[in-house]
Amino acid sequence: MKIGFIGLGIMGKPMAKNLLKAGYDLTVNDLVKEAVDELVAAGAKAASKEEIGRTCDLVMTMVPNSPQVKEIMLGEHGVANYMRPGTTFIDMSSINPIASREIAAALAEKGIEMLDAPVSGGEPKAIDGTLSFMVGGKKEVFEKFKPVLSAMGSSVVLCGDIGAGNTTKLANQIIVALNIAACSEAFTLAKMAGVDPQLVFQAIRGGLAGSTVMDAKVPMMIEGNFKPGFKIDLHIKDLNNALECGHAVGAPLPLTSIVQDFLYNLHKDGRGQDDHSSIANYYAKLSGINIGK
Ligand code: NAD
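As the structure is a computational prediction, the values presented were derived from the model and not from experiment.

A. Local environment of the pairing of strand 5 (residues 88–91). The side-chain alternation of strand 5 yields two buried faces, one formed by Thr88 and Ile90 and the other by Phe89 and Asp91. With four bridges joining them, strand 4 (residues 58–61) and strand 5 adopt parallel strand pairing. Its bridge partner being in strand 5, threonine 61 is matched across the sheet by aspartate 91. Each parallel crossover has a hand, and for strand 4 linked through helix 4 (residues 66–74) to strand 5 it is right-handed. Relative to strand 6 (residues 113–116), strand 5 is paired through four bridges, and the arrangement is parallel. Each residue of the ladder has a partner; that of phenylalanine 89, found in strand 6, is methionine 114. Handedness of the strand 5-helix 5 (residues 97–108)-strand 6 crossover: right-handed.

B. Region of interest: the pattern of salt bridges. In this structure the tally under the stated criterion is 15 salt bridges. The partner of lysine 13 in a salt bridge is glutamate 38, with the nearest N and O atoms 3.1 Å apart. Of this pair, lysine 13 sits in helix 1 (residues 12–21) while glutamate 38 sits in helix 2 (residues 33–41); the two residues are 25 residues apart in sequence, bridging distant segments of the chain. Judged by relative accessible area, which is 22%, lysine 13 ranks as partly exposed. Notably, a salt bridge pairs aspartate 274 with arginine 271, separated by 2.7 Å at the nearest N-O pair. Taken together, the shared-partner salt bridges connect Lys2, Asp25 and Lys45 into one network.

C. Spatial organisation of the packing of helix 11 (residues 232–249) against helix 12 (residues 254–268). Two numbers describe how helix 11 lies on helix 12: the axes approach to 10 Å, and their chain directions differ by 150 degrees. Taken together, the axes of helix 11 and helix 12 are roughly antiparallel relative to one another. For the pair helix 11 and helix 12, the crossing hand works out as left-handed. For the pair formed by helix 11 and helix 12, the contact residues are Ile232, Asp233, His235, Ile236, Leu239, Asn240 and Leu243 on the first element and Thr256, Ser257, Val259, Gln260, Leu263, Tyr264, Leu266 and His267 on the second. Of the residues contributing to the contact of helix 11 with helix 12, the split by class is eight nonpolar, six polar and one charged.

Rules of the game
Residues numbered from 1 in each chain as written. Predicted model: local features only at pLDDT ≥ 70, side-chain atom pairs only at ≥ 80, totals over all residues. Heavy atoms only, no water. Buried < 20%, exposed > 50% of the residue type's maximum accessible area, 1.4 Å probe, protein only. Helix = DSSP H or I, 4+ residues; strand = E, 2+ residues; numbered from the N terminus. Pairing = 2+ DSSP bridges. Right-handed = clockwise from strand over helix to strand, strands pointing away. Salt bridge = Lys/Arg side-chain N within 4 Å of Asp/Glu carboxyl O. Axes fitted to C-alpha atoms, helices over the stretch in contact; angles between N-to-C directions. Parallel < 35°, antiparallel > 145°, perpendicular 65-115°, else oblique. Left-handed = near helix turned anticlockwise from the far one by under 90°. Contact = heavy atoms within 4.5 Å. Nonpolar A, V, L, I, M, F, W, Y, C, P; charged D, E, K, R; others polar.

That is the geometry; function is a separate question.
In structure tokens:
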């Protein structure tokens, strides 16, 4: 099976390398030449989007958001123009589920199958090949391509029809953002009340309040290290998609709206490229103290 992989950023690059390690025949494309060169050095071929469309049985994308996925697949020179009927597209980007359904409908007219398969786990799990995939689409298409996704992840779950993967991812992103905000609020309180945040972390991480988010993000807050990871600007994109989807289905999202406000504030302060643990800096601005030193 020939696989085309478009989008070699923080996540896409290690994911593509894991497909190579698993022995897949891989052709890559990105706007950034250095990223493409790195994959070629690891054993991939480089090609234009047109060539990927013409030659690959499976095309995968890992790009920022719906506009990029739509442009790459359905734009004037979009990959779908060159793909054969019977081929498949898997989008692993986190995008609005409504957009996933629109793209799948346009591809179905050309006889191209689609799965939406966003991931959770971040860069460390992308490197280890232990991402969690949440997938939407037809069961038979899912079963056919599950081994490809399993080369990059340790959990691959079909959540429903097309769009269900990204709906699940929106739920995930709400929980992550609100959890980081809760940690920022709680550790700021502890520091202001005179208790060492490191000791608070040690004391509570094994209890009910503990979480994967707390384990990953609170040490970053304590160190004052906000290197991404997952960028504030990408989380703004995810919460926008959640709010848009919420409006479409009538779901109440008051907490999501509040944390989105924090994220916009951080973006305005020039922190859009910070890791999302930088929500702690919103509290630092309000309180005048840092959780770390
Ligand atoms: P990134 O910005 O590091 O990478 C995106 C890549 O897409 C870049 O290399 C960019 O050059 C490329 N790209 C954009 N438009 C393109 C085009 N038209 N043609 C070819 N290449 C193009 O982003 P990332 O952190 O790798 O995230 C990618 C997706 O994965 C996003 O939807 C994000 O929300 C999601 N995600 C990220 C993380 C994380 O921790 N970083 C975790 C889970 C999910």
